[in-house]
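Residue-level structure breakdown
Now for the letters of each chain:
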Amino acid sequence: MSFPTREERSVCWGARDKYWECLDKNGEKEAVTGGPCAEFRKIYEKSCSAQWVKHFDRKRSYLQFKHKIETEGYEINKNSLR
Amino acid sequence: MSGVSSNFLRIISKKFQTSRVSTNLLERRNITLLNYTRNCSTKPPQPKPQKGFVTWKSVATTGILGGGFLAFMLYLKKEKEFAQVQERQRMLGKAAIGGYFELVDSSGKTRTSQDFHGNWLLIYFGFTHCPDICPDELEKMAAVVDNLDKSEDTPKVQPIFISVDPNRDTPEIVGKYCSEFSPRLLGLTGTEQQVAKACKAYRVYFSAGPKDKDSDYIVDHTIIMYLVDPDGEFVDYYGQTRNSEEIADSIKINMLKYGQLHKKSWF
């Protein structure tokens, strides 16, 4: 089982970036069926392997969490302090 | 009467003659005096030359002694600096990173860590199915090597990619993968044991994730580049946050330090 080539990688990354851009523009957390980003999601899933899609989905939520912490700061969970 | 007068005349003329001679003598003496005074102005009577304080001999002696002393001081300074560098390294201690490995290159040939002695190595661990981090890091590594290759006075660095996914990454696949990034990049893989041993030596963590229905999986692993010196010793490491220029600069500095410690000359 060979690896995704350089070309396949760049196609996948391109589709991912377009999908993420759409989500950002529409303020969506993930694509909803019939929503504006559903089509992008379909291309993205076709261009990348299932593992990569899973990986990038997780990466996106991590990046959003990181961005939130960096820009809005964090709230201390009072229950955990007790 | 005529005899007397003639006598008289003879005496007169004789007297006159003597007076003329005397004036002649006087003139001559004047000339010599004049000559003497003229000579005096150009050539004073020369005294015997005396020995001065600064002579060529004393200058040469001082030069040799001073030069020798300066050379000695410079030598002492170098010795002290060398001892300082050594002491600093001793105090920092040596990280228990790196060591012997035995892996297989893309042509199926076994390569051990000893084969690379005498070369600077930049080692990265990864796998060919890596979604984004490995390709990024390998592009960075290729840029670092390009940067170092361009500067003529630095030794060559051998970039090495070691697979942490020996089940999927055969020598051939690893070779093909590496050639996508740089013709200089050497790809190594091996049996599970060989890879595990190499990873253990470099303290690299790797763990294959669960397989999906296509039996595809992602391997979680340490993202670090290791710099190894020509003695096969680990020198420095570079994480994901360092860019290619920072890494290249750090490698150059490490090479300079290594050169200082391994110089085989007095000065």
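Quick notes on the rules
Residues numbered from 1 in each chain as written. Chains lettered and ligands numbered in written order. Predicted model: local features only at pLDDT ≥ 70, side-chain atom pairs only at ≥ 80, totals over all residues. Heavy atoms only, no water. UniProt positions renumbered as here; feature names shortened; annotations may be inferred. Helix = DSSP H or I, 4+ residues; strand = E, 2+ residues; numbered from the N terminus. Buried < 20%, exposed > 50% of the residue type's maximum accessible area, 1.4 Å probe, protein only. Contact = heavy atoms within 4.5 Å. Areas by Shrake-Rupley, 256 points an atom, 1.4 Å probe, with all protein chains shown as cover. Pairing = 2+ DSSP bridges. Polar contact = N/O pair within 3.5 Å; in protein donor to acceptor, adjacent residues only side chain to side chain. Patch = residues over 30% accessible without salt bridge, like charges linked within 9 Å, V, L, I, M, F, W, Y side chains within 5 Å. Salt bridge = Lys/Arg side-chain N within 4 Å of Asp/Glu carboxyl O. Buried area = accessible area lost by both parts, 1.4 Å probe. Nonpolar A, V, L, I, M, F, W, Y, C, P; charged D, E, K, R; others polar.

By the naming in an unreviewed UniProt entry, chain B goes by Thioredoxin domain-containing protein and is assigned to Ignelater luminosus. We quote the UniProt Sequence similarities (unreviewed entry) comment for chain B here in full: "Belongs to the SCO1/2 family." The Function (unreviewed entry) field of the UniProt record for chain B holds the comment "Copper metallochaperone essential for the synthesis and maturation of cytochrome c oxidase subunit II (MT-CO2/COX2) by facilitating the incorporation of copper into the Cu(A) site of MT-CO2/COX2."

Looking at an unreviewed UniProt entry, chain A carries the name Cytochrome c oxidase assembly factor 6 homolog, with the source organism given as Ignelater luminosus.

1. Overview of the overall build of chain B
Check the secondary structure of chain B and you find 6 helices and 9 strands. Here chain B, with 267 residues, has 33% of them falling under the buried criterion. Here the analysis covers contacts within chain B between residues at least 6 apart in sequence; of these, 69% occur between residues at least 24 apart. Surface exposure of chain B reaches about 18,100 Å², of which carbon and sulfur atoms provide 59%.

2. A look at the pairing of strand E9 (residues 234-238) of chain B
When a strand is regular, its side chains alternate between the sheet's two faces. Residues and elements named next belong to chain B. Note that strand E8 (residues 225-228) and E9 share 4 bridges and pair antiparallel. Across the sheet, the residue bridging to Val228 is Phe234, located in E9. Where E8 hands over to E9, the hairpin turn is made up of 5 residues, of which Gly232 adopts a positive phi near 85°.

3. Focus on the side chain of B:Ser250
Residue and element names in this part refer to chain B. Structurally, the position occupied by Ser250 is in helix H6 (residues 244-261). Given the relative accessible area of 11%, Ser250 is considered buried. Engagement of the side chain of Ser250 in a polar contact is seen with the side chain of Tyr238, the distance being 2.7 Å.

4. What about a nonpolar patch on the surface?
A cluster of nonpolar side chains, contributed by A:Phe65, A:Ile69, A:Tyr74 and A:Ile76, occupies part of the molecular surface with about 470 Å² of accessible area. Take A:Tyr74: it is sitting in the loop between helix H3 (50-72) and helix H4 (78-81).

5. Things to note about the interface of chain B and chain A
Taken residue by residue, the interface counts 19 residues in chain B and 16 residues in chain A. Together, the buried faces of chain B and chain A total about 1,700 Å²; carbon and sulfur atoms form 53% of this surface. If you look at where chain B meets chain A, you find 3 salt bridges. Between A:Arg6 and B:Glu139 there is a salt bridge, and its shortest N-O distance comes to 3.2 Å. Linking chain B with chain A are 11 residue pairs in polar contact (both at pLDDT 80 or more). When residues of the side of chain B that touches chain A are traced back to their parent elements, those giving at least two are helix H3 (133-150) and helix H4 (171-179) of chain B. Among the residues making up the side of chain B that touches chain A, the classes are represented as 9 nonpolar, 2 polar and 8 charged.

6. Digging into the UniProt feature "transmembrane region" (unreviewed entry) in chain B
Under the present numbering, the feature "transmembrane region" (unreviewed entry) in UniProt falls on residues 54-76 of chain B. Taken end to end, residues 54-76 of chain B is 91% helix and 0% strand, and its two terminal C-alpha atoms sit 31 Å from one another.

7. Some words on the pattern of salt bridges
Residue and element names in this part refer to chain A. Across all of its chains, the model carries 15 salt bridges over all chains by this definition. We note a salt bridge from Glu45 to Arg41, for which the minimum N-O separation is 2.8 Å. Of the two residues, Glu45 and Arg41 both sit in helix H2 (residues 38-47), 4 residues apart, roughly one turn of that helix. In this structure Glu45 comes out as partly exposed when scored by relative accessible area, which is 42%.

8. Structural notes on the UniProt feature "binding site: Cu cation" (unreviewed entry) in chain B
Residue and element names in this part refer to chain B. As annotated in UniProt, the feature "binding site: Cu cation" (unreviewed entry) corresponds to Cys130, Cys134 and His221 in the numbering used here. Taking the farthest pair of C-alpha atoms as the criterion, the annotated set spanning 92 residues converges on one region, since that pair is 10.2 Å apart. Residue position: Cys134 is located in helix H3. Not counting the four nearest positions on each side in its chain, Cys134 is found in contact with Tyr124, Gly126, Phe127, Tyr177 and His221. Of note, His221 is situated in strand E7 (residues 219-221). Non-local contacts of His221, meaning those with residues more than four positions away in its chain, are made with Tyr124, Phe125, Gly126, Phe127, Cys130, Cys134, Val164, Tyr205 and Phe206. A polar contact is formed between the side chain of His221 and the backbone oxygen of Phe125, at a distance of 3.4 Å.

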